[in-house]
Amino acid sequence: MDEDVLTTLKILIIGESGVGKSSLLLRFTDDTFDPELAATIGVDFKVKTISVDGNKAKLAIWDTAGQERFRTLTPSYYRGAQGVILVYDVTRRDTFVKLDNWLNELETYCTRNDIVNMLVGNKIDKENREVDRNEGLKFARKHSMLFIEASAKTCDGVQCAFEELVEKIIQTPGLWESENQNKGVKLTHREEGQGGGACGGYCSVL
Amino acid sequence: MAADSEPESEVFEITDFTTASEWERFISKIEEVLNDWKLIGNSLGKPLEKGIFTSGTWEEKSDEISFADFKFSITHHYLVQESPDKEGKDEVLEDLIPQSMQDLLCMNNDFPPRAHCLVRWYGLREFVVIAPAANNDAVLSESKCNLLLSSVSVALGNTGCQVPLFVQIHHKWRRTYVGECQGPGVRTDFEMVHLRKVPNQYTHLSGLLDIFKSKIGCTLTPLPPVSIAIRFTYVLQDWQQYFWPQQPPDIDALVGGEVGGLEFGKLPFGACEDPISELHLATTWPHLTEGIIVDNDVYSDLDPIQAPHWSVRVRKADNPQCLLGDFVTEFFKICRRKESTDEILGRSTFEEEGREVADITHALSKLTEPAPVPIHKLSVSNMVHTAKKKIRKQRGVEESPLNNDVLNTILLFLFPDAASEKPLDGTSSTDNSNPPLESEEYNLYNQFKSAPSDSLTYKLALCLCMINFYHGGLKGVAHLWQEFVLEMRFRWENNFLIPGLASGPPDLRCCLLHQKLQMLNCCIERKKARDEGRKTSPSDNVTNTYSGDAGKSGDHLGPDNLKDMDKEKGEVGKSWDSWSDSEEEFFECLSDTEELKGNGQESGKKGGPKEMASLKPEGRLHQHGKLTLLHNGEPLYIPVTQEPAPMTEDLLEEQSEVLAKLGTSAEGAHLRARMQSACLLSDMESFKAANPGCFLEDFVRWYSPRDYIEEEVIDEKGNMVLKGELSARMKIPSNMWVEAWETAKPIPARRQRRLFDDTREAEKVLHYLAVQKPADLARHLLPCVIHAAILKVKEEESLENISSVKKIIKQIISHSSKVLHFPNPEDKKLEEIIHQITNVEAIIARARSLKAKFGTEKCEQEEEKEDLERFVSCLLEQPEVLVVGAGRGHAGSIIHKLFVNAQRAAAMAPPEEDLKRMVPPEERRQNLAADFPPAAGRELILRTTVPRPAPYSRALPQRMYSVLTKEDFRLAGAFSSDTSFF
């Protein structure tokens, strides 16, 4: 099943507690929504293979706990990530204000600087919005990130967010190619079988 | 030849274009190539600008043709010009002579500093050369030469190509070319004479003028004036008092122990030999006319000091030996060694402890024997252990890979706390000479994945580098490493923090070795804290022995100390089970907890918060703002918690792999959460201990405040009241938070089970360190060494301020940060980086050498100094630099002085007879007169425009170039003639 996978990418989801990181991930991987999803402890992990422009990429997505106390633990998992999804809750301004802290954290703990960052404003289905879309846009532009607003509940923008992120990573060849030789997180399979079909796709990317 | 058609031929006559003979085929092949390259017709370019031969770009096109089975290469060399005049190409202007013939007279580009020899000799902007394709092939016989030349002639005639076409004859090294250029009604023959020795009559201008005139054979009287350009080149090799200042570092000084440890933190820099070997001064008279000056066998007007133009070039020594480059290269070589530390130092040390005592001198001799020592090999620690200290000092030392003084100096440098009475805090950096924190330079380790420049790891890298180079090579490296590992163990066992490491968990931006050391420090810190926590325990007394021991002598590897290490050494072989000894130590701690567990269980049984509230609160850190406990309004305290386990990147990788392996199923996720809940549970227990009688709501308000939702509600009395409850997700029945909360007992952090088993982790690190081979070590530390080398180069550059070097350094940094960020960079890429560093070093060394030679520092006047500095930096970057003001300028006078001094020294040194015998009389004449040595090369260009072959022919360009050196005499003539009536 992994034979035609172009590459495995490590994606990280971070943000304040309760902004819906795990829900976004669950929506993306299982296409379900559970309003009563337990608070994550430490880090959680999910895998999904997606196809972008005809290239299959396997995503190893690390979902982190947002609680302050866990923050001494989770940054260790920032290592080797190629993409980061930074989530805030559009109905809670404090989660938006704290974004700067998270960026600092990223800067401190990420081992590479060409990593692709995406800002996601979650819970747009809710009525009591506190953070305007434009504010999110402005923040993302200032820190050269991708930006999208989404709702894990209604499914708005979720798929799109992940696809966009992966596409961007694949467009940055230095970012993922080397990762194949790099001993990143190894999944159950190693993506060595780059058969003929995959090769064709490989060329069209570059 | 083809196309021998007669215009008035009969209809039935056949025009024969077939090429029958090899010769015809050869010619048609040349024509084909000329056509392909579109070299047909006359394309008049712009007049040549001054210096364009140097500043412009030259390109060449090549093809291969053969005469029978003899292969030739045909190459078109040309100066790239902007948009050649297309119209001129189309209409062949009848009365214009070809471009190349005009260029013969152009004086703007005489003596270009760097050009194809034909460009230098004939001033051509484009030409085609046919030369034997194979390097050792040559066209030697005269008839063959003629055959080639006539082929060229026919091809040019047939195609109407106006680009000069040369054939190379004789051996390649002689660079002999003959050629031809054809235009409408005109032709230039390029001829050449090449001799080993200069015939006496041609050593001066008048003789050469004679030969030029006779070649022209013009009968006009008076002859049109001949214009003359002359360049004499003088070579300076003897720099006299400007001895190359760089001396190789004095190794003895280090061994003698006089030099402080500081030296070990520095990298050497500079070239061991003068990276500038020669200075060539070219004195040029660009525009003379016949009759203005006299230069014959008895007298010469050509005094170099009077020459209107001076230009200088320097010859750089090829690959000068550079200290820093060598240093890094040698260190890099260790990466390829396969031996383990034990193999290098002797394997049997662990088993044979004590057995060797009897005959230590014998054992020591083993060390000096070549590599494969069969039976007992001896480690230094063993030796030190077994020998009495005196013996060691007197004779043992000389034979161990590292001299004892050197070793002690290094250890003191690495562990400065050993010298002071009291061990320093592990975090304090001892070196103040480092760049300020936060500066770009300081953070370079981030890019290179090395280690901060004030860290122990970095210093260790430099020391190993130094040892590898000066003190025992690989053996020395292995020895120091062994000592280092022993020291690490000593520190672990005796609760001494390792100095020179930032406190806190391993910094994942640093190299793995650095992380491991940090990890060890974390372990020591925890152990120390624990041991201090139970001072009553008698086993703690160990702590105090260290400082006294170290204070006694700078040599902190005193006997006690060494004994300790030895014990360890002995145990390594026995592997893990022997460690259980040290493990036991911690059971005391466990028994400690046991007792408390009882306490916890007790209260656990009673269960309800009310009973718990009666417990004495323990392990409070501080109050949490104004929060109070929900049930009784007591202040809410933040507990002292256990720090999460520090991780090095390899551990982390292992762990994330384990976590990932649990898969993505619900059970997997649950298991994963459970595995990571230890920290949560511990925090809950601490919290419970600090806040007796608390609820999960209290905990959540501290731990995950967003999961406690407060709403303003209006109560029965109509007052606004804040009502809070757990978030929905916290209320899910039996979610892990609730589950953990229920199992958590009120136990303060210090009595909890350790989340982080420092004993185990420390032993793991120590084992890891012990099994590193020198090659592994070198790979670990190479980023640090490269980091240090780049800092060094940067530092040296800042003294010289060379803009080109600044740029290169930037490139090296960005290149290396790319290469070094991957776990196992390719050797080739690493070599490339080292090579780049060496190159920069050489450039800086050259700049220094030139500055010293030209005395830029001594220059007093600001303006002159600036000019001189500019001049020197030009010398580095340009092939040839014009000396402003020639011999009368400031730079000129310095150069003059250099030559005068060299001349004086030469006059004193060699016996006069030698000079007389060797130097031709003409040169001796100059030698005696001048401040300059005989010119190493003399070039003359003679030019005129005269009608040839008959007085009534068109006046055409004539040129003759001649060069005279010690073993080379060349005349290159281009003589044009009118072919209209001949």
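Note on numbering: residues in each chain are counted from 1, in written sequence order. Think of it this way: whatever chain is written first is A, whatever ligand is written first is 1, and the rest follow in order. Local features in this predicted model are restricted to residues whose pLDDT is 70 or higher, and side-chain atom pairs enter the listing and the counts only when it is 80 or higher, whereas totals over whole chains, interfaces and linings include all residues. Side-chain measures were taken over the full set of non-hydrogen atoms in the model, leaving aside hydrogen atoms and water.

*Asks:* Teacher, can you tell me more about the overall build of chain B here?
*Replies:* Helix and strand counts for chain B come out as 36 helices and 17 strands. In chain B, which comprises 982 residues, the proportion classed as buried is 50%. Contacts: residue pairs with any heavy atoms within 4.5 Å of one another. Pairs at least 24 apart in sequence give 75% of the contacts found in chain B among residues at least 6 apart. Where accessible areas are quoted, they stem from the Shrake-Rupley method and a 1.4 Å probe; at the residue level, only the protein chains shown are allowed to cover. Of the roughly 46700 Å² that chain B leaves accessible, carbon and sulfur atoms contribute 52%. By the criteria applied, helices consist of DSSP H or I runs no shorter than four residues and strands consist of E runs no shorter than two, each listed in order from the N terminus. For the exposure calls, accessible area comes from a 1.4 Å probe over protein chains only, and a residue counts as buried if that area is under 20% of its type's maximum, exposed if over 50%, partly exposed in between.

*Asks:* Any chance you could explain the packing of helix 9 (residues 323-334) of chain B against helix 32 (residues 827-854) of chain B here in plain terms?
*Replies:* Two numbers describe a pair of packed helices, the interaxial angle and the distance between the axes. All names here are of chain B. Axes here mean lines fitted to C-alpha atoms, for a helix over just the part in contact, with angles spanning 0 to 180 degrees between N-to-C directions. One can describe the packing of helix 9 onto helix 32 by two numbers: an axis separation of 8 Å at closest approach and a directional angle of 165°. The orientation of helix 9 with respect to helix 32, classified from their angle, is roughly antiparallel. With respect to the hand of their crossing, helix 9 and helix 32 are arranged in right-handed fashion. Of helix 32, the residues touching helix 9 (which contributes Leu323, Leu324, Gly325, Val328, Thr329 and Phe332) are Asp827, Leu830, Glu831, Ile834, Ile837, Thr838 and Glu841. Here the nonpolar group is Ala, Val, Leu, Ile, Met, Phe, Trp, Tyr, Cys and Pro; Asp, Glu, Lys and Arg are the charged ones; every other residue, Gly included, is treated as polar. Taken together, the residues of the contact of helix 9 with helix 32 break down into seven nonpolar, three polar and three charged. When an angle is under 35 degrees it counts as roughly parallel; over 145 it counts as roughly antiparallel; between 65 and 115 it counts as roughly perpendicular; any other value is oblique. Each crossing gets its handedness from the near helix: less than a right angle anticlockwise from the far helix is left-handed, clockwise is right-handed.

*Asks:* Can you walk me through the pairing of strand 6 (residues 186-195) of chain B in this structure?
*Replies:* Two faces, one strand: in a regular strand the side chains alternate between the faces of the sheet. Residues and elements named next belong to chain B. For strand 5 (residues 176-183) and strand 6, the ladder comprises five bridges, and the chain directions are antiparallel. Across the sheet, the residue bridging to Gly183 is Val186, located in strand 6. Connecting the antiparallel pair strand 5 and strand 6 is a turn made up of two residues, with Gly185 showing a positive phi of about 75°. In this structure, strand 6 lies alongside strand 17 (residues 968-978), joined through 10 bridges in antiparallel fashion. For Val193, the partnering residue across the bridge sits in strand 17 and is Leu971. The criterion for strand pairing is that DSSP finds at least two bridges linking the strands in question.

*Asks:* What am I meant to see in the sheet that holds strand 5 (residues 116-122) of chain A here?
*Replies:* Pairing between the strands of a sheet is mediated by backbone hydrogen bonds and can be parallel or antiparallel. Residue and element names in this part refer to chain A. Strand order in the open sheet made by the six strands is 2-3-1-4-5-6, with mixed pairing throughout. Each having just a single partner strand, strand 2 (43-52) and strand 6 (146-149) make up the two edges of the open sheet. Looking at each pair of strands side by side, their axes are set apart by 25° on average, direction ignored. Direction of pairing for strand 4 (residues 83-89) relative to strand 5: parallel, over a ladder of seven bridges. Its bridge partner being in strand 5, Asp89 is matched across the sheet by Asn122. Taken strand by strand, helix 4 (residues 133-142) contacts strand 4, strand 5 and strand 6, and its axis lies near 165° from that of strand 6. On the sheet, helix 5 (residues 158-171) packs against strand 1 (5-15), strand 2, strand 3 (55-64), strand 4, strand 5 and strand 6 and is oriented at approximately 170° with respect to strand 5.

*Asks:* What am I meant to see in the packing of aromatic side chains here?
*Replies:* Between two aromatic rings, the relevant description is the distance of the centres plus the angle of the planes. Between the rings of Phe, Tyr and Trp (Trp by its six-membered ring), a pair exists once the centres lie within 6.5 Å; its type follows the angle of the planes, with under 30 degrees stacked, over 60 edge-to-face, and the other angles tilted. Within the structure shown, the criterion is met by 35 aromatic pairs over all chains. Summarising the aromatic geometry, the rings of B:Tyr234 and B:Phe932 are spaced 5.1 Å apart at their centres and angled 45° between planes, so their arrangement reads as tilted. Taken together, the residues span a long stretch of sequence, with B:Tyr234 in strand 7 (residues 227-236) and B:Phe932 in the loop between helix 36 (921-929) and strand 15 (937-947) at a distance of 698 residues. Looking at B:Tyr234, the relative accessible area reads 1%, which means it is buried. Of the residues examined, B:Phe932 reaches a relative accessible area of 2% and is grouped as buried. Note on B:Tyr703 and B:Trp737: the rings are 6.0 Å apart at their centroids and 75° apart in plane angle, and the pair reads as edge-to-face. Of this pair, B:Tyr703 sits in helix 26 (residues 696-703) while B:Trp737 sits in helix 28 (residues 736-743), and the two are 34 residues apart along the sequence. Comparing B:Tyr703 with B:Trp737 shows no difference in burial state: the two are buried. Taken together through their ring pairs, the aromatic side chains of A:Phe70, B:Phe687, B:Phe699, B:Trp702, B:Tyr703, B:Trp737 and B:Trp741 make up a single cluster.

*Asks:* So what exactly am I meant to see when it comes to the pairing of strand 15 of chain B here?
*Replies:* Residues and elements named next belong to chain B. The element strand 15 is extensively covered by neighbouring structure, given that 10 of its 11 residues are classed as buried. The pairing of strand 15 with strand 16 (residues 955-965) spans 11 bridges and is classified as antiparallel. Note on strand 16: the bridge partner recorded for Arg938 is Leu964.

*Asks:* Just to check I follow, could you spell out the interface of chain A and chain B for this structure?
*Replies:* By convention, interface size is frequently given as the accessible area that disappears when the constituent parts associate. With 36 residues of chain A at the interface, the matching set in chain B holds 38 residues. Buried area between chain A and chain B, summed over both chains or domains, comes out near 3400 Å², and the portion from carbon and sulfur atoms is 56%. Reported buried area values correspond to the accessible surface (1.4 Å probe) lost by two parts on association, with both partners' losses combined. Counting the surface chain A buries against chain B, the share from its top three residues, A:Ile41, A:Arg69 and A:Arg79, is 22%. Salt bridges are defined as contacts in which a side-chain nitrogen from Lys or Arg sits within 4 Å of a carboxyl oxygen from Asp or Glu. For the pair chain A and chain B, the number of links is four salt bridges. Its salt-bridge partner being B:Arg706, residue A:Asp94 comes within 3.1 Å of it at the nearest N-O pair. Within 3.5 Å is the distance limit for a polar contact, defined as a pair of N or O atoms, with the added protein rule that one can donate a hydrogen and the other accept it, and that residues adjacent in sequence qualify only through two side-chain atoms. In this assembly, chain A and chain B are joined by 11 residue pairs in polar contact (both at pLDDT 80 or more). Looking at the side of chain A that touches chain B, the elements with two or more residues in it are strand 2 and helix 2 (93-97) of chain A.

*Asks:* Please explain helix 31 (residues 803-820) of chain B as it appears in this structure.
*Replies:* Within an α-helix, residues lying three or four positions from one another point in the same direction, as the helix has 3.6 residues per turn. Residues and elements named next belong to chain B. Multiply 1.5 Å by the residue count of a helix minus one, and that product is the helix's expected span. In this model, helix 31 (18 residues) spans 26 Å end to end at C-alpha, consistent with the 26 Å of a helix rising 1.5 Å per residue. The complete set of buried residues in helix 31 reads Val805, Ile809, Ile812, Ile813, Ser816, Ser817, Val819 and Leu820. Taken end-on, helix 31 shows its buried residues confined to a sector of 155°, consistent with a single buried face. The outward face of helix 31, more than 90 degrees from its buried face, is lined by the exposed residues Ser803, Lys807, Lys810 and Lys818. Its buried side turned inward, helix 31 meets helix 15 (444-448), helix 30 (774-800) and helix 32. The arc in question is the one spanned by the directions pointing from the helix axis to the C-beta atoms.

*Asks:* Help me understand unusual backbone geometry, please; the structure alone is not making it clear to me.
*Replies:* In the segment running from B:Arg948 into B:Pro949, the intervening peptide bond is cis, with an omega of -5°. Despite not being glycine, A:Cys155 has its phi angle at roughly 80°, a positive value. Mapped onto the elements of the fold, A:Cys155 is located in the loop between strand 6 and helix 5. The exposure class of A:Cys155 is partly exposed, given its relative accessible area of 33%.

*Asks:* What is the right way to look at the nonpolar core in this model?
*Replies:* For soluble globular proteins, nonpolar side chains are generally found buried alongside one another. Residues and elements named next belong to chain B. The nonpolar core is taken to be a set of buried Ala, Val, Leu, Ile, Met, Phe, Trp, Tyr and Cys residues, with the residues joined through side-chain atoms within 4.5 Å. Counting 142 residues, the largest nonpolar core has Ile230, Leu480, Met488, Phe871 and Ile895 as its most contacted members. Ranked by residue count, the leading element in this core is helix 30, at 12 residues. Each of domain 1 (23-82 + 96-218 + 948-978) and domain 2 (621-759) gives at least three residues to this core. The contacts of Leu480, once residues within four sequence positions are left out, are Leu402, Leu407, Ile410, Leu411, Leu460, Cys463, Leu464 and Ile467. One finds Phe53, Tyr122, Leu124 and Val963 within the second-largest nonpolar core, a separate group that totals 31 residues. Note that the domain bounds were set by an automatic or database domain assignment.

*Asks:* Hey, could you run me through the confidence of the model for chain B in this one?
*Replies:* Regions with low pLDDT should not have their predicted coordinates read in detail. All names here are of chain B. The pLDDT score gives, residue by residue, the confidence of the prediction method on a 0 to 100 scale. For chain B, per-residue confidence averages 75 on the pLDDT scale, and residues scoring 70 or more make up 75% of the total. With pLDDT under 50 throughout, residues 421-435 is counted as low confidence; its partners more than four residues away or in other chains account for 27 contacts. With pLDDT under 50 throughout, residues 536-611 is counted as low confidence; its partners more than four residues away or in other chains account for 98 contacts. Interface confidence for the predicted complex, given as ipTM, is 0.79, next to a pTM of 0.69.

*Asks:* Help me out: how do you make sense of the environment of A:Gly54 in this one?
*Replies:* Of note, A:Gly54 is situated in the loop between strand 2 and strand 3. Residues A:Gly54 and A:Leu6 lie 48 residues apart in sequence; the distance between their C-alpha atoms is 9.9 Å.

*Asks:* Explain the UniProt feature "short sequence motif: Switch 1" in chain A to me, please; I cannot follow it from the model alone.
*Replies:* Under the local residue numbering, the UniProt record ascribes the feature "short sequence motif: Switch 1" to residues 31-45 of chain A. For residues 31-45 of chain A, helix accounts for 0% and strand for 20%, while the C-alpha atoms at its two ends are 16 Å apart. UniProt positions are given in the numbering used here, feature names are shortened, and annotations may be inferred rather than shown by experiment.

*Asks:* In this structure, what is going on with the side chain of B:Thr188? I would like to understand it.
*Replies:* Structurally, the position occupied by B:Thr188 is in strand 6. With residues near it in sequence (within four places) discarded, B:Thr188 still touches B:Met101, B:Leu104, B:Gly179, B:Glu180, B:Cys181, B:Ala974, B:Phe975 and B:Ser976.

*Asks:* Can you walk me through the environment of B:Phe269 in this structure?
*Replies:* Tracing the chain through its elements places B:Phe269 in the loop between helix 8 (251-255) and strand 8 (276-289). B:Phe269 sits 523 residues away from B:Lys792 along the chain, and the two C-alpha atoms are 7.7 Å apart.

*Asks:* Help me understand the UniProt feature "binding site: Mg(2+)" in chain A, please; the structure alone is not making it clear to me.
*Replies:* Residue and element names in this part refer to chain A. The positions UniProt marks with the feature "binding site: Mg(2+)" are Ser22 and Thr40. Considering the C-alpha atoms alone, the annotated residues occupy 19 residues of sequence yet fold into one spot, their largest mutual distance being 7.5 Å. Positionally, Ser22 belongs in helix 1 (residues 21-30). On the basis of relative accessible area, Ser22 is assigned to the buried category, the value being 17%.

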